[in-house]
Amino acid sequence: MEISLHILDIMHNSIVAGAALVELTVIEDTKKDILSFTIKDNGKGMSKEMVEAVYSPFTTGRTTRKVGLGIPLLKQAAEAADGSIKITSELGVGTELFAQFTHSHIDRQPLGDMAGTMHQLITAFEDIDFLYRHSINGKEFLVDTREIKNILGGVSLKENEVSLWLLNYLTEGEAEISD
Ligand SMILES: Nc1ncnc2c1ncn2[C@@H]1O[C@H](COP(=O)(O)OP(=O)(O)OP(=O)(O)O)[C@@H](O)[C@H]1O
Ligand SMILES: [Mg+2]
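Residues numbered from 1 in each chain as written. Chains lettered and ligands numbered in written order. Predicted model: local features only at pLDDT ≥ 70, side-chain atom pairs only at ≥ 80, totals over all residues.

Structural notes on the nonpolar core
Counting residues in hydrophobic clusters, the biggest one holds 33 residues, and the most contacted among them are Met11, Leu24, Ile39, Leu74, Ala78 and Met118. Elements supplying a minimum of two residues to this core: α1 (3-16), β1 (21-29), β2 (34-41), α3 (70-80), β4 (94-102), α4 (114-124), β5 (129-136) and α6 (160-177). It is α4 that provides the largest number of residues to this core, a total of five residues. (Core = buried A, V, L, I, M, F, W, Y, C linked by C-beta atoms within 7 Å. Buried ≥ 20, exposed ≤ 12 C-beta atoms within 10 Å, placed from the backbone. Helix = DSSP H or I, 4+ residues; strand = E, 2+ residues; numbered from the N terminus.)

Structure follows, in structure tokens:
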């Protein structure tokens, strides 16, 4: 498993919760030896009891099966790399999930394909806005779909040329901060 797949899962939770805006910040700091990400949404939020219960696989809003694995799997992955996760939420306001890993830990999963992950989310959920930031040792790449949609003026992100442009933009942005 890769961290980008956990990110996809957690962002999917935000989408299911009815968020209009999902903000993802990935920070890599090799000096502090930390890889962390924060996912903040303005979805329906969770009660205090739900937040406490959500670390367990037996807590789910799913109806098709009785276990929810997104959060427990991420928790396990973070702890395997000497890290942790923390969820804060308020009903009717939104949810924030913070996950931290030791960057150099031998058991830290690779970050994976962030450009592909963001491309997938942005094109599949056109009605939702995403603010994505990724920084590596202070070098930052930022994508705000609200800005992109403004420029596109109603042209769909699913249009072949637009979709290809976006993937290219994301791939180049990732490459620029990682050299
Ligand atoms: N961002 C969020 N906003 C509101 N509720 C959330 C959020 N994230 C998780 N939840 C609640 O916590 C439950 C557990 O989430 P988790 O990702 O662990 O499992 P799941 O989404 O139910 O199933 P799976 O991820 O395996 O498809 C969700 O079903 C949902 O009720
Ligand atoms: Mg989930």
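Structural notes on the environment of Ser135
Among the secondary structure elements, Ser135 is positioned in strand β5. Note: C-alpha distance between Ser135 and Leu21 (114 residues apart in sequence) is 20 Å. Not counting the four nearest positions on each side in its chain, Ser135 is found in contact with Ile27, Glu28, Glu140 and Ile177. (Contact = placed C-beta atoms within 7 Å.)

Description of the packing of α4 against α6
Put simply, α4 and α6 touch, their axes get as near as 9 Å, and they point 145° apart. By crossing handedness, the relation of α4 to α6 is classed as right-handed. Residues Met114, Ala115, Met118, His119, Ile122 and Thr123 of α4 touch α6, and the partners they reach there are Ser163, Leu166, Leu167, Leu170, Thr171 and Glu174. Split by residue class, the contact of α4 with α6 holds seven nonpolar, four polar and one charged. (Axes fitted to C-alpha atoms, helices over the stretch in contact; angles between N-to-C directions. Left-handed = near helix turned anticlockwise from the far one by under 90°. Nonpolar A, V, L, I, M, F, W, Y, C, P; charged D, E, K, R; others polar.)

Considering unusual backbone geometry
Phi angles above zero are rare outside glycine, and Asp33 is one such case at about 60°. Turning to its location among the elements, Asp33 is positioned in the loop between β1 and β2. C-beta crowding within 10 Å serves as the criterion here: with 13 such atoms nearby, Asp33 is assigned to the partly exposed category. Of note, Asn137 is a non-glycine position whose phi angle comes to about 45°, a positive value. Within the secondary structure, Asn137 sits in the loop between β5 and β6 (139-144). Overall, the presence of 12 C-beta atoms within 10 Å leaves Asn137 in the exposed class.

So, the sheet that holds strand β3 (residues 84-90)
Taken together, the six strands give an open sheet; going across it, the order is β3-β4-β2-β1-β5-β6, and neighbouring strands pair in mixed fashion. Looking at the sheet topology across the chains shown, the edges are occupied by β3 and β6. This sheet shows a mean twist of 5° between the axes of neighbouring strands, independent of strand direction. Summarising the sheet, β2 and β4 pair through eight bridges and their orientation is antiparallel. (Pairing = 2+ DSSP bridges.)

Let's talk about the site of ligand 1
What surrounds ligand 1 is a group of 20 residues, the closest being Asn13, Ala17, Gly61, Gly68 and Gly70. Those elements giving two or more residues to the shell around ligand 1 turn out to be α1 and α3. Considered class by class, the residues forming the shell around ligand 1 number six nonpolar, 10 polar and four charged. (Near = placed C-beta within 6 Å.)

Remarks on the packing of α1 against α4
Close contact between α1 and α4 brings their axes to 10 Å; oriented N to C, the two are set at 20°. Judged on the interaxial angle alone, α4 and α1 are roughly parallel. In this structure, α1 meets α4 at a crossing whose hand is right-handed. Here Ser4, Ile7, Leu8 and Met11 of α1 come into contact with α4, specifically with Met114, Thr117 and Leu121. Of the residues belonging to the contact of α1 with α4, the class tally is five nonpolar, two polar and no charged. (Parallel < 35°, antiparallel > 145°, perpendicular 65-115°, else oblique.)

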